[in-house]
Structure formats: structure tokens, C-alpha cells
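# Secondary and tertiary structure notes
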Amino acid sequence: MSVMSEDEVLKIYKSIDALLEGHFILSSGLHSRMYLQSALVFSNTNIAESLCKSLATKVIDHIDIDIIDLIVSPAMGGVIVGYELSRHLNKLNIFAERKDGIFSIRRGFKINKGQKVLVVEDIVTTGKSSLECFECIHELGGEIVAEAALINRGGDSVDLGVPLITLANLDIPNYESDNLPEDLKNLPAIKPGSRPGK
């Protein structure tokens, strides 16, 4: 399968109203004019499979997947993408979830010392939650080879210390609440994410 272009990916998000415009408060606490709602993408299994299969192809093009032992996804957003990538790459997958605000590996899942890990998310904004997940993996002895995500909305400002493989690389500005542009100040803010904003 050929890899979808950035335009094709964004067209899919727009076609199902998963690319929203307005005034949004992200789970990081930052404000934005745009919000990507991957839950709507995953509610359509054909679209989800198509996007994830394209991402799997791009992963194969960029890293040696033979060295990958395990796929780890931060819950909630990364769980479906991680599952789909594990299916296409034929790798075991588990997920990390927050307990008392900190990522941990639970439910009988394990990361063995020295295992090579591909971290998988749906959307990367600042990279903060990815790095928090990395910390959990490192504490258990796992070695992170790369991260894969459908979309990086943080552009070149995101630096995870490992390759970040995405179908679309956007640079959507985010703002602190005390530094909002005038147009956002006049719009009511919405918190559409799965985690409470800060």
C-alpha cells in the first residue's frame, strides 16, 4: 500500500468533522483554534483501518521493524492506533494508562528489560504525554526506538529524542490562557478531549 499524503489525511478528518475550528482548550491546558478529534475517525472502522495501514507502511519505510519487540500506546488516544499497527506489523501491543496522573503498565502487561519499543499515539501536540509514557517504559527497562502517530500537530517544535513518524506534520499554534489572540478571547472555549484540561 502507498502512504497517504498529508492532504489526503486532512481531507478524511475534515470529511467526518474530525478537524474542528473554533476555540478549544487542549488536555495540556493550552488553547488552540483547531482540534483534531480522532475518536470520530476510529468510529468508522474502514477509515481507521485505512489510515493505520498507511501509517504502518510509513513505519516500515523508516525503521527496521524486525528489531521491534513491542508496541506501547498511551491510553486513551493511542490504544486503537496501537492495536491496528500491531495487526499490520505483526507485533505484540500493550497500553500504558494513567494512575494518579502518572503512566503505568497494568492489567498483567509487561515490558521486559532490553525490549525494543515502538510507541504509538493518535495525535501529538507538544510531545509531553509521549515523554511521560517514555519515562514509564524506561523505568521498566524498555528501549524506545521510535514513535508513530497519525498526526503531529506541534510541527518542528516537538522533539522526542527518537524519530517521530507521522502521516501529517502540522504546525498549529497553541496559546497560554494569559496570551490569547484577540479573536480567541471573543470566542467561548470548549474542552473536547477525553482528559480534563489543566
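Residues numbered from 1 in each chain as written. Predicted model: local features only at pLDDT ≥ 70, side-chain atom pairs only at ≥ 80, totals over all residues. Heavy atoms only, no water.

### Section: the sheet that holds strand E7 (residues 143-152)
Put simply, the test is: Only when DSSP finds a minimum of two bridges between them are two strands counted as paired. Runs of E in the DSSP output that reach at least two residues are strands. Runs of H or I that reach at least four are helices, and both are numbered from the N terminus. Lines fitted to the C-alpha atoms define the axes, with helices restricted to the stretch that makes contact. Angles between their N-to-C directions range from 0 to 180 degrees. Throughout, a residue-residue contact means that at least one pair of heavy atoms, one from each residue, lies within 4.5 Å.
Pairing within the open sheet is mixed, and its six strands lie in the order E5-E4-E3-E6-E7-E8. Of all strands in the sheet, those bounded by a partner on one side alone are strand E5 (102-104) and strand E8 (164-169). Averaged over neighbouring strand pairs, the angle between their axes works out to 25° when direction is ignored. Across three bridges, the pairing between strand E4 (residues 92-99) and E5 is antiparallel. When the bridges of E5 are listed, Lys99 appears paired with Ile102. Seen against the sheet, helix H4 (residues 78-89) touches strand E3 (70-74), E4, strand E6 (116-124) and E7 and runs at an angle of roughly 130° to E6.

### Concerning the pattern of salt bridges
Stated precisely, the cut-off is as follows: Any Lys or Arg side-chain nitrogen located within 4 Å of an Asp or Glu carboxyl oxygen qualifies as a salt bridge. Throughout, exposure labels follow a simple rule: accessible area from a 1.4 Å probe, protein chains only, divided by the maximum for the residue type, with under 20% read as buried, over 50% as exposed, and the rest as partly exposed.
Taken as a whole and assessed by the stated rule, the structure comprises nine salt bridges. Across the salt bridge formed by Glu132 and Arg98, the nearest N and O atoms sit 2.8 Å from each other. Here the residue Glu132 occupies a position in helix H5 (residues 128-139), and Arg98 occupies one in strand E4, the gap between them amounting to 34 residues. Among the salt bridges present, the one from Lys128 reaches Glu132, with a minimum N-O distance of 2.7 Å. Of the two residues, Lys128 and Glu132 both sit in helix H5, four residues apart, roughly one turn of that helix. When its relative accessible area of 41% is taken as the criterion, Lys128 is described as partly exposed. For Glu132, a relative accessible area of 24% corresponds to the partly exposed category.

### Some thoughts on unusual backbone geometry
In the segment running from Ala75 into Met76, the intervening peptide bond is cis, with an omega of 5°. By the secondary structure assignment, Met76 is in the loop between E3 and H4. Here Asp100, not a glycine, exhibits a phi torsion of approximately 55°, which is positive. Along the polypeptide, Asp100 turns up in the loop between E4 and E5. Unusually for a residue other than glycine, Arg107 sits at a positive phi of about 60°. Mapping Arg107 onto the fold places it in the loop between E5 and E6.

### Considering H4
For clarity, the threshold we go by: For a helix, the expected span equals 1.5 Å multiplied by the residue count minus one.
Here H4 spans 16 Å end to end across 12 residues, near enough to the 16 Å set by a 1.5 Å rise per residue. Residues of H4 that are buried include every one of Gly78, Val81, Gly82, Glu84, Leu85, Ser86 and Leu89, and no others. Contact partners of the buried residues in H4: helix H2 (38-42), helix H3 (45-62), E3, E4, E6 and E7. Looking one or two residues past H4, Asn90 carries a phi angle of roughly 60°, positive in sign.

### A word on the nonpolar core
The condition that has to hold: Only buried Ala, Val, Leu, Ile, Met, Phe, Trp, Tyr and Cys residues count toward a nonpolar core, and they belong to the same one when joined by side-chain atoms within 4.5 Å.
Counting residues in hydrophobic clusters, the biggest one holds 37 residues, and the most contacted among them are Tyr13, Leu51, Leu85, Leu118 and Ile151. Put simply, the parts of the chain that give this core at least two residues each are helix H1 (6-15), H2, H3, H4, E6, E7 and E8. Among the elements that take part in this core, H3 stands out by supplying seven residues, more than any other. Apart from the residues lying within four places of it in its own chain, the contact partners of Leu85 are Cys52, Leu55, Ala56, Val59, Ile71, Asn90, Leu118, Val120 and Ala148. Among the nonpolar cores identified, the runner-up in size contains 18 residues, and Val117, Val124, Ile144 and Leu160 belong to it.

In short, the description is geometric, and any link to function would need to be established separately.
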